[in-house]
Structures are given as C-alpha cells and as structure tokens.
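# Working through the structure, step by step
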Amino acid sequence: MTLSIDNGGGKTPQRQKVMVVAEPTRESAVALHYVLSHVVFDNDVLYLLHVENPTFWNSCFKKQSSSTTITAAREGGGCHGCGCIGGDFDFLDQMKSACELVNPRLKVKVARVETDAKDKAYMIISQTNMLGIDLLVVGKRHSLANAILR
C-alpha cells in the first residue's frame, strides 16, 4: 500500500512510516512478519522500537553474583529465566537484518528507549507522534484458553 499524491500531471509515491514494537518474543516476530508481508513496500521506512525497563535489568543483575553474570554472558544464557543476558541483546540487529534481507530497498531504523513498566504505552505513543508514524503494529499475545475457545 503506497500512498500517492496527485500533483496535477502525475502521481509521486509518498513514503510510508511504519513502526513495529520489537521485543524478543514470538508475538513480536509474527507482527514483523505481517508488516513485511502485507504493509511495507520499497522505499518505505520501518522503525523497530524497543522499550526497555531499566529497573528490570537492574533487578535481574542483582539476582546473581558477578561471576555468574560473566559466565552467563559468555555462554549466551539468561539469568534465572528472565533472559536479560546473552541472546536478547542482539535481537534488534537480527530483526533489522531479516527486514533488509526480505526487502533490501526498505529503510529500517532501530530505536531503543527506556521507561518504567507503567509508562510503556505512553512512551510508544509519544515516539509514534514524535516520528510522524503512519501505522503502529504491536504483537498480540494469545493465551492457550483463548486459542482453544475459538
């Protein structure tokens, strides 16, 4: 879906700005796949926004000793299941690479912002307004009960 502006003689394509809220989750990957398959086209701009909770990272690092932290980081493991060390640090780079592989002419930008958990929705909306985003896509979690009842 490319927007066009009729300037009398011809149509010039207008860039569409799309934002996907990026998390290291399956729901976020599905949302990104949907956007790449159905929403963005050549020369559009895709923003991958990750909202980090700095208090989450601090509490996660306090759960273990420094020697365990170094070992977990080297081995790519997480800290006691919260996933704050290792594989999650580069998920945005992996998402960006996947986008560029699927559509090389797509302009992909990565944004990271920090906020408290209770302000996450406000931060997403403020980033959307600040960047002039045309479409915001957020992955949706499905519980097993909802999937069975459908």
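The sections below set out a description of the structure shown in this document.

Okay, unusual backbone geometry next. What you tend to see is this: most non-glycine residues have negative phi, and most peptide bonds are trans. Although it is not a glycine, Asn43 sits at a positive phi angle of roughly 70°. With respect to the helices and strands, the residue Asn43 is situated in the loop between helix 1 (26–38) and strand 4 (45–52). Exposure remark for Asn43: the relative accessible area of 29% places this residue in the partly exposed category.

If you add up the space inside the second largest pocket, you get close to 170 Å³. For the second largest pocket, the full set of lining residues is Val21, Glu23, Thr25, Glu27, Ser28, Lys120, Ala121, Ile124, Val138, Gly139 and Arg141. Elements supplying a minimum of two residues to the lining of the second largest pocket: helix 1 and helix 5 (120–131). With three residues, helix 5 is the largest single contributor of residues to the lining of the second largest pocket. Taken together, the residues of the lining of the second largest pocket break down into four nonpolar, three polar and four charged.

Of note, Gln127 is situated in helix 5. When its relative accessible area of 11% is taken as the criterion, Gln127 is described as buried. With sequence-adjacent residues up to four places away left out, Gln127 is seen in contact with Met19, Leu49 and Val113.

Turning our eyes to something else, we now look at the packing of helix 1 against helix 4 (residues 91–102). One way to put it is that helix 1 packs onto helix 4 with a least axis distance of 11 Å and a crossing angle of 20°. The orientation of helix 1 with respect to helix 4, classified from their angle, is roughly parallel. The element helix 1 and its partner helix 4 pack so that their crossing is right-handed. For the pair formed by helix 1 and helix 4, the contact residues are Ser28, Ala29, Leu32 and Leu36 on the first element and Met95, Cys99 and Val102 on the second. A breakdown of the residues in the contact of helix 1 with helix 4 according to their chemical character gives six nonpolar, one polar and no charged.

What holds strands together in a sheet is hydrogen bonding between their backbones, with the strands either parallel or antiparallel. Taken together, four strands build an open sheet; the order of strands is 5-4-3-6 and the sheet is parallel. What marks the edges here is a single partner per strand, and that holds for strand 5 (107–114) and strand 6 (135–137). Strand after strand, the sheet turns through a mean of 20° between neighbouring axes, direction not considered. Taken strand by strand, helix 1 contacts strand 3 (17–21), strand 4 and strand 6, and its axis lies near 160° from that of strand 3. Set on the sheet, helix 5 makes contact with strand 3, strand 4, strand 5 and strand 6; between it and strand 4 the angle comes to about 150°.

Cut-off values and rules
Residues numbered from 1 in each chain as written. Predicted model: local features only at pLDDT ≥ 70, side-chain atom pairs only at ≥ 80, totals over all residues. Heavy atoms only, no water. Helix = DSSP H or I, 4+ residues; strand = E, 2+ residues; numbered from the N terminus. Buried < 20%, exposed > 50% of the residue type's maximum accessible area, 1.4 Å probe, protein only. 1 Å grid on protein atoms, 1.4 Å probe; cavity = no way out; pocket = protein on both sides within 12 Å on 5 of 7 lines; lining within 4 Å. Points joined across faces, edges and corners; volume = space filled by probe spheres on them. Nonpolar A, V, L, I, M, F, W, Y, C, P; charged D, E, K, R; others polar. Contact = heavy atoms within 4.5 Å. Axes fitted to C-alpha atoms, helices over the stretch in contact; angles between N-to-C directions. Parallel < 35°, antiparallel > 145°, perpendicular 65-115°, else oblique. Left-handed = near helix turned anticlockwise from the far one by under 90°. Pairing = 2+ DSSP bridges.

Coordinates in, geometry out; function isn't part of it.
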